[in-house]
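# Understanding the architecture of this molecule
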Amino acid sequence: MVYVPPISRAEFVQYLQKCMPPRGWPERLVVANSGGPDSTCLLYLLSSLVKEKRRSPGLPRTILSVHVNHKLQDAAREMADIAESNAGRFGVQHVSTEIHWGVRPFMQRPPSRTLERDARRARMRVLHDTMISMKSSCVAFAQHADDQVETSILRLANGSSSFGASGMRHIRRLGMGGLSEVEHFGQTGLNFFAIRPLLEISKDRIYATCKANNLRYATDPTNFQPHVTLRNRLRQILSQPETFNVMNKSTPEQSQPVDPEVPSDWPQGLMWADPEDQERLLRGTIVKLASQADIGHDGRPNLYSAVSKMNAHVRMVETKTTNLITAMALPSPPSTLFFSVDDLRKIEEHELRISFVRRILRYVSPYPWGHPSAEAHGNRLALNDIAQKIWCNEKETSPRGFSPGSGVLAWPVVIRPDGQVRSREPEPEDRRAWFFQRQPAFSVERLRRLGKSNPLFIDITANLQSLRWKGQPSLDVIYDNRFLVRIRVADLPKNLLPSLDDPGLKGTVVLEPDTKYFLPQLLWRRVGSKDHSLAKVVLDSKRGGNNFMVGPAALKVNVPWVRISQIRPIDDI
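Since we're looking at a predicted model, the values are computed, not measured. (Residues numbered from 1 in each chain as written. Predicted model: local features only at pLDDT ≥ 70, side-chain atom pairs only at ≥ 80, totals over all residues. Heavy atoms only, no water.)

Moving on, we get to the overall build of the chain. Within the chain, the secondary structure is distributed over 17 helices and 21 strands. The C-alpha atoms of the chain give a radius of gyration of 26 Å, which matches the 25 Å a tight globule of 573 residues would have. Along the three orthogonal principal directions, the C-alpha set of the chain runs to about 80 × 65 × 50 Å. The buried share of the chain, taken over its 573 residues, is 51%. Summed over its atoms, the accessible surface of the chain is roughly 27,700 Å², and 51% of this surface lies on carbon and sulfur atoms. (Helix = DSSP H or I, 4+ residues; strand = E, 2+ residues; numbered from the N terminus. Rg over C-alpha atoms; globule rule 2.2 N^0.38 Å. Buried < 20%, exposed > 50% of the residue type's maximum accessible area, 1.4 Å probe, protein only. Areas by Shrake-Rupley, 256 points an atom, 1.4 Å probe, with all protein chains shown as cover.)

Now for the confidence of the model for the chain. Scored by pLDDT, the chain has a mean of 87; 90% of the residues are at 70 or more. Confidence scores differ between elements of the chain, with helix α9 (residues 242-245) showing the lowest mean pLDDT of 74 and strand β4 (residues 138-140) the highest of 98. (pLDDT = per-residue confidence, 0-100.)

Time to look at the pattern of salt bridges. In total, this model carries 35 salt bridges according to the counting rule given. Among the salt bridges present, the one from Glu-150 reaches Arg-235, with a minimum N-O distance of 3.1 Å. Of the two residues, Glu-150 sits in helix α5 (residues 145-157) while Arg-235 sits in helix α8 (residues 230-238), which places them 85 residues apart along the sequence. Glu-150 gets classed as buried once you look at its relative accessible area, which sits at 7%. In this structure, Lys-346 engages Asp-343 in a salt bridge whose closest nitrogen and oxygen atoms are separated by 3.3 Å. On the basis of relative accessible area, Lys-346 is assigned to the exposed category, the value being 60%. According to the relative accessible area criterion, Asp-343 is buried, its value standing at 17%. (Salt bridge = Lys/Arg side-chain N within 4 Å of Asp/Glu carboxyl O.)

Our next topic: the packing of helix α10 (residues 275-290) against helix α11 (residues 303-328). Interaxial distance between α10 and α11 falls to 9 Å at its minimum, and their mutual angle equals 75 degrees. In terms of orientation, α10 lies roughly perpendicular with respect to α11. Contacts between α10 and α11 involve Ile-286, Leu-289 and Ala-290 from the former and Leu-303, Ala-306, Val-307 and Met-310 from the latter. For the contact of α10 with α11, the residue count by class is seven nonpolar, no polar and no charged. (Axes fitted to C-alpha atoms, helices over the stretch in contact; angles between N-to-C directions. Parallel < 35°, antiparallel > 145°, perpendicular 65-115°, else oblique. Contact = heavy atoms within 4.5 Å. Nonpolar A, V, L, I, M, F, W, Y, C, P; charged D, E, K, R; others polar.)

All right, on to the packing of aromatic side chains then. Applying the stated criterion across every chain yields a total of ten aromatic pairs. Summarising the aromatic geometry, the rings of Trp-101 and Phe-106 are spaced 6.5 Å apart at their centres and angled 65 degrees between planes, so their arrangement reads as edge-to-face. Classification of Trp-101 by relative accessible area gives buried; the value is 15%. The class for Phe-106 is buried, based on a relative accessible area of 13%. Relative to Tyr-217, the ring of Tyr-207 has its centre 6.1 Å away and its plane inclined at 45 degrees; by these criteria the two rings are tilted. Of this pair, Tyr-207 sits in helix α7 (residues 203-212) while Tyr-217 is found in the loop between α7 and α8, placing the two residues ten residues apart along the sequence. Assessed through its relative accessible area of 35%, Tyr-207 is described here as partly exposed. On the basis of relative accessible area, Tyr-217 is assigned to the partly exposed category, the value being 29%. Here the aromatic residues Phe-339, Phe-356, Trp-391, Phe-402, Trp-434 and Phe-436 are joined through ring pairs into a cluster of three or more. (Phe/Tyr/Trp six-rings, centres within 6.5 Å; stacked < 30°, edge-to-face > 60°.)

By the criterion of burial, strand β13 (residues 431-438) is predominantly enclosed, with six of the eight residues buried. Across four bridges, the pairing between strand β9 (residues 337-340) and β13 is antiparallel. Residue pairing in the sheet places Leu-337 in a bridge with Phe-436 of β13. (Pairing = 2+ DSSP bridges.)

Note that Glu-116 resides in helix α4 (residues 115-133). A relative accessible area of 29% places Glu-116 in the partly exposed class. On a C-alpha basis, the gap between Glu-116 and Val-66 in space is 19 Å, while along the polypeptide they are 50 residues apart. In this structure, Glu-116 is in contact with Thr-229 and Arg-231, ignoring residues within four places of it in sequence.

Moving on, we come to the state of the cysteines. What we call a disulfide is simply a covalent bond connecting the sulfur atoms of a pair of cysteines. For the structure on display, the rule yields zero disulfides. Left without a disulfide partner, Cys-210 is nearest to the cysteine sulfur of Cys-41, which lies 5.0 Å away. Relative accessible area serves as the criterion here: at 2%, Cys-210 is assigned to the buried category. (Disulfide = S-S within 2.5 Å.)

Turning to helix α14 (residues 380-390), a few remarks are in order. Listing the buried residues of α14 in full gives Arg-380, Leu-383, Ile-386, Ala-387 and Ile-390. Take α14 and look down its axis: the buried residues cluster within an arc of 130 degrees, on one side only. Contacts from the buried residues of α14 go to α12 (341-345), α13 (350-364), β10 (402-405) and β13. (Arc of directions from axis to C-beta.)

A general tendency of soluble globular proteins is for nonpolar side chains to be buried together. Counting residues in each nonpolar core, the largest one holds 37 residues, and the members touching the most others are Ile-460, Ile-487, Leu-522 and Val-562. Look past the residues within four positions of Ile-487 in its chain and what remains in contact with it is Ile-460, Pro-473, Ser-474, Leu-475, Leu-492, Leu-522, Trp-561 and Val-562. Trp-25, Leu-43, Ala-140 and Ile-195 belong to the second-largest nonpolar core, a separate cluster that totals 33 residues. (Core = buried A, V, L, I, M, F, W, Y, C linked by side-chain atoms within 4.5 Å.)

What follows concerns the sheet that holds strand β5 (residues 171-173). Taken together, six strands build an open sheet; the order of strands is β3-β2-β1-β4-β6-β5 and the sheet is mixed. A strand with exactly one partner marks an edge of an open sheet, and here the two such strands are β3 (93-98) and β5. Across the sheet, the axes of successive neighbouring strands diverge by a mean angle of 25 degrees, strand direction being ignored. Bridge count between strand β1 (residues 28-32) and strand β2 (residues 62-69): five bridges; the pairing is parallel. For Arg-28, the partnering residue across the bridge sits in β2 and is Thr-62. Strands in contact with helix α3 (residues 76-89) are β2 and β3; relative to β2, the strand with the most contacts, it is inclined by about 170 degrees.

Printed below as a string of structure tokens:
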């Protein structure tokens, strides 16, 4: 029997420091505590570090254990009790919360097919709100190496590129969330971080750590029920010896990349396929991933080695992408990107081009930062098609503008010798370039058919009225998921607020798009009067040069009492 060592203190400190947020550790670190062996082990290791008198410098000062009771299984109460008991034993402050399905913002109790996804979204909502109320900016999760392998296989089977298939990261921004109310976090999610210190540690070492330190934990019975979630079905397949018996070193699979095809009739992904199709694709994905793996001591492929290699490679590519975008981006208006074709031509590696495309989309897109919809859903085929259009063959005719998806437009333009940018056929002295900006919203008729409103038009009248009675000094509005508009209420024109209550004037204050770049503009409307522009972004005449800064930055505004900032990060976290 092979000895499995527990996790040592020194080893854990090394893993933890890989997860440190860009601005250092917050005073308080939230730990998601399910009561299971993984989170129990993580909570124990973190609390042990914090309690040490010779505490390593730069670590969080306090730990907050948070248990989220999904109320979806009979063992939920027992798991909540064990989570609370362990926090008490470790001397850690503990908060226990429940998800009230069907009560806003939570959806109705999820069906089995979407159980894992919907439970995760609800849990993240609770953790996000707890971080705000408890003044923390970082939450630790206990996902480990086995979870990493499962995530990679599921993403590959859903058609992800190598970036998605590389699995989870040690640290990432929480992001702006998703499209529904329960999963939308707004700007706060851009300043919150999720960390995974155990990501390189196997499940058996977590069990060994729990055993060595006499840690009590709950066992989730649903983890062993393949009909409950797709991940559980995958775990069952991975546990079966015959899954790997089909491998043969002489087969051509050995040299093929990991690129399983997802049938086009599964628009919602693997989750909505028939069980037989799910199993077939999962098994095929496992075999292809195993062909890239080292062979373990038991003679079976070490799938984590394959995922780890992909993860390390993707992280390197992501770092290169950040450096290239920072170096190559030409001055352009806010929330746009502008690159010369000569510079883009220097990017020869296909994976680097794909990473470049994903980063452009994520930065310019009006969809929530960090959501798959802002990156062409990470779909390998779609990203390849976009890259092919941007890096088209020089012998081909001049490229045309197109929409790469994610609410983005790509325009081929030329830079004249005098620096002016024009949309025209290039002349010998011109430099060719690509310009990326937000796509115009759908027409009013199409939005009406879809039952949606135009996201570029926001009436903030009720918000201002509410703040006036509450006595709050300012109003923050996220505009188009690209900008933060902050209005100092006390400095509004004196006759503006009374006009909002006047039934004759019917005053309203709205945010509407300004310029062809769809920048936010604050307007005041009254019956019988022309629209009055209260505040807008000031662009310099030469390509918005003074407004150029890749990443979050305050913009130049024509009045001092309104602050407009672009909020989408360009980095790889």
